[in-house]
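Given next are the chains, with one letter for each unit.
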Amino acid sequence: MRGKKLSAKTRAWKHSGTILALLLSGLLVNLPLSGAVGCDLNDPARDIKMLFPQSTGFRTFYVSVADSGGQKLLGKIENRLGDRFSGLFETIDVPYTVYEIYKNNELIGFVHGVNQKGRYGGIQVFLALTPSGEILSFYVQKFTGRGAREFRSPQFSAQFVGLKLQDFDNYQVQSRQEIPPGPISRIKNPVPDSEDDFRAILRAVKKNLVLMKFLVFNRQKPGEKSPIPTAVLSGPFPGPGSPALIEGESI
Amino acid sequence: MNEPKKISLFHIAWKNLSRKKTRSLLTVVGIALATWVLISLFGFNSGYKNSLDRDIDNLGFQMLVVAKGCPYEAATLMLKGGTGLKYMNEEVVKLIVREPEVESVTPMLMQVVFDPNKGQSGGLTAFLGIDPATFPSLKPGLSFKQGGWFTDPEALEVVMGYEAAELEQREVGDMYFIPEKEIELKVVGVLSRSGTQDDGTIFIPLKTLQKLFDQPDQLTSVGVKVNKEADLARFEEKMFQLPDVQVVSLTQVKTTIMTLLSTARVLVFSIALIAILISIMGVINTVLMSVMERQKEIGILKAMGALAADVFKLVWVETSLLCLLGGLTGAGLAVLTSRLTEYLIRQLLPFSPSGGLISIDAGLILVSIAAVVLLGLVSGIYPAFRAARMRPLEAIRSEEE
């Protein structure tokens, strides 16, 4: 009888072990457990080569509104965007991933992406920018909804090339109008039935440029590299002769 | 004529202990520390187990029965490029439920679509069809950031894990679009972060998913919750007898963790034992020294008519007092510092279950104090025996010499 009781206890502990294992595996798979998630390139080496064919290497750093100025800075960003950050996921602590692009040792631009709420799902809009903030290319990495192919087409992307934040100044995100009509009004919606998603993309582009201005360009003096990052990674492109940037290089 | 005032043994013992305050205090502190360690360790043992049991309940099912060869996790499915899904008929649920070890089951269906608009070369999105009647009760640990479970078993609705919702920027009331199928579903719930793979899962009612993906009565897995007392290994063997299914269990990891847990328990009890042995030696030392210092006094007591039993009792009462005071102080310390101890343990342990890690109840306190007093009484036997067998004249003379 006693033996039976003991074995039942042992069995209970065995169950605990299984569950502990499951919990542990769950934890390992899902770390980190807290904090907002940013917007990263799926395959940085390949995607950056596509956006900056002449690049030879890149460096990654993370910035957030919370770490760069908090509520006061958020107010400035929202003011410039002309819209509030809202919802469950557009929060002050979102870590924005900025890729600093190099040709040999020369800084030739940045790649930065943002998540944007679309009609049916998330839209990830990446911009390749010159060091002065002009759009070199535009890339919708992810689009869930109708008309995805058109919004990801080179024809649609080409309409954004050459634009700067100043070009969006008269575009009012909330009213979806540009007063007076200017360069933004000339961008054509390739899917007229998906007006919501088209406007979401325009908001994402403006938000992307505003964030770059306040989180990167405003804090960067001429000739300097990126502002104080919270983390740094390096990514030289594969292939012979590609000079590699050293991880943790002085910033 | 006044009656001579009677002095109790307790009173004399207390006076004796008070004469050497520092030594008595140090002994009490030693016993208190041992009691503190004892209560904290046993409290940890019980608290950890309770929390682990709670986490087991929160985790829901402990075993997955899947169609033979079918990837059972979304991650594995992705690695296989979304291919290789194998199906079981819903009838298998009836076969599983009839086993006495089974507490409850929940049928599931996993489906994958290719989304060409994810990245440069497209990506996969996985959906988990769940039974709204059984799945929530088997996953009590899941809580909602927004909304709740489905309104109907066949509703065109989704519940999203936190990370899935974040990636898709979905909130309750939004629409969600299944690529490839071109179907719109309404988001009715967003789960809070759970730290498990549920965070990245998109849940759809089982019947809806079966219909949308044209898989009537088909399942890819069945979550099984077995009774706590069930023999898991034996039950696994039974499940393997079912046709064309495999049982997912983490036996290897389980064994490793079991060994680690057993080692930790042995370590815990060893520390408690060492602490107790040290305090017993302290008690013996204190009481024995006290007896040796009071040989003359004991001799006079005996010369005045005190029996050996009286002297024995006196020394025993002193020992009991020391142990009782130490036990009470230690118990108080254990209760007061339990939060701090728990915090420190959490810092040290690589994994600790949620909830309280140290559970100290009145029963544990009483048993521990009783054990300390009992051990004190045992350790007081030798000094008391030495005192009791002293011969009065020899005792008086030896101290004079």
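Residues numbered from 1 in each chain as written. Chains lettered and ligands numbered in written order. Predicted model: local features only at pLDDT ≥ 70, side-chain atom pairs only at ≥ 80, totals over all residues.

What follows covers the overall build of chain B. The secondary structure content of chain B amounts to 14 helices and 12 strands. For chain B, with 401 residues in total, the buried portion stands at 41%. If you take every contact in chain B between residues at least 6 apart in sequence, the share linking residues at least 24 apart comes to 81%. (Helix = DSSP H or I, 4+ residues; strand = E, 2+ residues; numbered from the N terminus. Buried ≥ 20, exposed ≤ 12 C-beta atoms within 10 Å, placed from the backbone. Contact = placed C-beta atoms within 7 Å.)

Here the focus is the packing of helix α4 (residues 70-81) of chain A against helix α7 (residues 195-215) of chain A. Residue and element names in this part refer to chain A. Relative to each other, α4 and α7 sit at 140°, their axes nearing to 10 Å. Taken together, the axes of α4 and α7 are oblique relative to one another. Crossing geometry of α4 relative to α7 is assigned as right-handed. Contacts from L73, K76, I77, R80 and L81 of α4 reach α7 at K206, K207, V210, L211 and F214. Tallied by class, residues from the contact of α4 with α7 come to 6 nonpolar, no polar and 4 charged. (Axes fitted to C-alpha atoms, helices over the stretch in contact; angles between N-to-C directions. Parallel < 35°, antiparallel > 145°, perpendicular 65-115°, else oblique. Left-handed = near helix turned anticlockwise from the far one by under 90°. Nonpolar A, V, L, I, M, F, W, Y, C, P; charged D, E, K, R; others polar.)

The next subject is helix α13 (residues 362-388) of chain B. End to end, α13 of chain B covers 37 Å across 27 residues, agreeing with the expected 39 Å (1.5 Å per residue, within 8%). A bend of about 40° at I381 of chain B is the largest found in α13 of chain B, and the proline P383 of chain B appears one to four places after it. (Expected span 1.5 Å × (residues − 1). Bend = angle between axes of the 7 residues up to and from the residue.)

For the rest of this paragraph, the subject is the environment of R149 of chain A. Residue and element names in this part refer to chain A. On the secondary structure map, R149 appears in helix α5 (residues 148-151). Taking the number of C-beta atoms within 10 Å as the measure of exposure, R149 has 13 and is therefore partly exposed. For the pair formed by R149 and V191, sequence separation is 42 residues and the distance between their alpha carbons is 9.7 Å.

Attention shifts here to helix α10 (residues 295-303) of chain B. Residue and element names in this part refer to chain B. Every buried residue belonging to α10 is among I298, G299, L301 and K302, and all of these are buried. Along the long axis of α10, the arc covered by the buried residues comes to 160°, so they all point the same way. Phi for G305, located one or two positions after α10, is positive at around 115°. (Arc of directions from axis to C-beta.)

Looking at the element boundaries, P180 of chain A is found in the loop between β7 (177-178) and α7. A C-alpha to C-alpha distance of 7.0 Å links P180 of chain A and N170 of chain A, two positions 10 residues apart in sequence.

The subject of this paragraph is unusual backbone geometry. Negative phi characterises most residues that are not glycine, and trans characterises most peptide bonds. In this model, I179 of chain A is joined to P180 of chain A through a cis peptide bond whose omega is -10°. Although it is not a glycine, E180 of chain B adopts a positive phi angle of roughly 75°. Its location among the elements puts E180 of chain B in the loop between β7 (175-178) and β8 (183-191). Taking the number of C-beta atoms within 10 Å as the measure of exposure, E180 of chain B has 11 and is therefore exposed. One non-glycine residue, D217 of chain B, lies in positive phi territory at about 60°. With respect to the secondary-structure elements, D217 of chain B resides in the loop between α7 (206-212) and β10 (218-219).

Residues and elements named next belong to chain B. Tracing the backbone shows Q215 in the loop between α7 and β10. A tally of 17 C-beta atoms within 10 Å means that Q215 is categorised as partly exposed. Taking C-alpha positions, Q215 is 9.0 Å from Y87, a pair spaced 128 residues apart along the chain. When residues no more than four places from it in sequence are discounted, the contact partners of Q215 are Y87, L109 and Q210.

This brings us to the confidence of the model for chain A. Confidence along chain A averages 79 in pLDDT terms, with 73% of residues attaining 70 or more. Within chain A, no element has a lower average pLDDT than helix α1 (residues 2-30) of chain A, which sits at 41, and none a higher one than α7 of chain A, at 95. (pLDDT = per-residue confidence, 0-100.)

Across chain B, the average pLDDT comes to 83, with 88% of residues at 70 or higher. Across the assembled chains, the prediction reports ipTM 0.71 with pTM 0.64.

Another point: the packing of helix α11 (residues 308-336) of chain B against α13 of chain B. What describes two packed helices is the angle between their axes and the distance between those same axes. All names here are of chain B. At a minimum axis separation of 7 Å, α11 and α13 run at an interaxial angle of 150°. Between α11 and α13, the angle is such that the two are roughly antiparallel. Crossing handedness for the pair α11 and α13: right-handed. The class makeup of the residues in the contact of α11 with α13 is 20 nonpolar, 8 polar and no charged.

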